[in-house]
Amino acid sequence: KDLNMKVQLDKFSFDNFKLDYYDNNLVPGLKEPVTPREQAKKNLDFCREYAKNFSKESPNLLLGGGTGLGKTHLSLAIVKEVLKKGYSVVYISAVQLVLNLEEHRFSSNEQSKYSMDSFLKCDLLVIDDFGSEPISSFSVASIYNVINTRMNARRSCVFSTNLTQKELREKYADRITSRLFGSYK
């Protein structure tokens, strides 16, 4: 509850996701011609169905694309709906995740606010702006541990990132990217 209180969930819903922000002209050079508005509508519909049908067996999601495409809005709308269904959800930025884990790991304070368990045991973990966190051996190992442990326990994750697949591969080890590209929709 404390982690999620930092976000004003009442501002984010599927109903107030504005499709008119997206251009309605075809994007040249795509295999299947689509307008940004049509793609945004597909993304909205997919995320709405994901939240509506969320269960402990729901798949992992990787929302990718440039800045301003609605990834955070859709992620928070998912969080809001899944919380309404009574599931435990943690929403956190990748930067804050790493900072919390570093504080827990390296602090002399045994009562650190958030432990790894906070991120491993919730029903849905939503990590926003994946790829924006500073890279260190600790952060990479921690992220791998979160992804791998949750995957093995069949606990759902939603990641959003501005990075391309190529950029993710350059930034992270194959152990992380193979899991993201192999087991995330």
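Placed above this text is the structure.
Residues numbered from 1 in each chain as written. Predicted model: local features only at pLDDT ≥ 70, side-chain atom pairs only at ≥ 80, totals over all residues. Heavy atoms only, no water.

Undergrad: Could you give an account of the nonpolar core, with specific residues and numbers?
TA: The biggest cluster of nonpolar side chains holds 27 residues, and the ones touching the most others in it are Leu125, Phe130, Phe159, Ile176 and Leu180. Sorting the residues of this core by element identifies strand E2 (89-93), helix H4 (94-106), helix H5 (116-120), strand E3 (124-128), helix H6 (137-152), strand E4 (156-161) and helix H8 (174-183) as the ones contributing at least two each. For this core, the element with the most residues is H6, which contributes six residues. Those residues within four positions of Ile176 in sequence are excluded, and the remaining contacts are Phe130, Val140, Ile143, Tyr144 and Ile147. Counting 23 residues, the second largest nonpolar core, distinct from the first, contains Ala77, Ile78, Val89 and Leu124. (Core = buried A, V, L, I, M, F, W, Y, C linked by side-chain atoms within 4.5 Å. Buried < 20%, exposed > 50% of the residue type's maximum accessible area, 1.4 Å probe, protein only. Helix = DSSP H or I, 4+ residues; strand = E, 2+ residues; numbered from the N terminus. Contact = heavy atoms within 4.5 Å.)

Undergrad: I'd like a description of the pattern of salt bridges, backed by residues and values.
TA: With the rule as written, the count across this model stands at six salt bridges. Measuring nitrogen to oxygen at the nearest pair gives 3.2 Å for the salt bridge that ties Glu81 to Lys84. With Glu81 and Lys84 both in helix H3 (residues 71-84), this residue pair falls three residues apart, about one helical turn. What makes Lys84 exposed here is its relative accessible area of 58%. (Salt bridge = Lys/Arg side-chain N within 4 Å of Asp/Glu carboxyl O.)

Undergrad: Give me the sheet that holds E4: which residues, what numbers.
TA: Across the sheet, which stays open at both edges, the four strands sit in the order E1-E4-E3-E2 with parallel pairing between neighbours. A single partner strand is all that each edge strand has here, and the edge strands are strand E1 (61-64) and E2. Between one strand axis and the next, the sheet turns by 10 degrees as a mean value, whatever way the strands run. Where E2 and E3 come together, five bridges link them in parallel fashion. Across the sheet, Tyr91 pairs through a bridge with Val126, a residue of E3. (Pairing = 2+ DSSP bridges. Axes fitted to C-alpha atoms, helices over the stretch in contact; angles between N-to-C directions.)

Undergrad: Please give an account of the packing of helix H2 (residues 36-52) against H3 that cites residues and values.
TA: Here H2 crosses H3 at 20 degrees, and the two axes come no closer than 9 Å. The angle between H2 and H3 places the two elements in the roughly parallel class. Here the hand of the crossing between H2 and H3 comes out right-handed. Residues Asn43, Leu44, Cys47, Tyr50 and Ala51 of H2 form the contact with H3, whose own contacting residues are Leu74, Ile78, Glu81 and Val82. A class-by-class count of the residues in the contact of H2 with H3 yields seven nonpolar, one polar and one charged. (Parallel < 35°, antiparallel > 145°, perpendicular 65-115°, else oblique. Left-handed = near helix turned anticlockwise from the far one by under 90°. Nonpolar A, V, L, I, M, F, W, Y, C, P; charged D, E, K, R; others polar.)

Undergrad: Please give an account of the packing of aromatic side chains that cites residues and values.
TA: Taken as a whole, this structure holds six aromatic pairs when the rule is applied. Centre to centre, the rings of Tyr50 and Phe54 are 5.9 Å apart; their planes meet at 65 degrees, and the pair counts as edge-to-face. Among the aromatic side chains, those forming a connected cluster through ring pairs are Phe130, Phe159, Tyr172 and Tyr184. One cation-aromatic arrangement involves Arg175 over Tyr144; the distance from NZ or CZ to the ring centre is 3.8 Å. (Phe/Tyr/Trp six-rings, centres within 6.5 Å; stacked < 30°, edge-to-face > 60°. Lys NZ or Arg CZ within 6 Å of the ring centre and 35° of its normal.)

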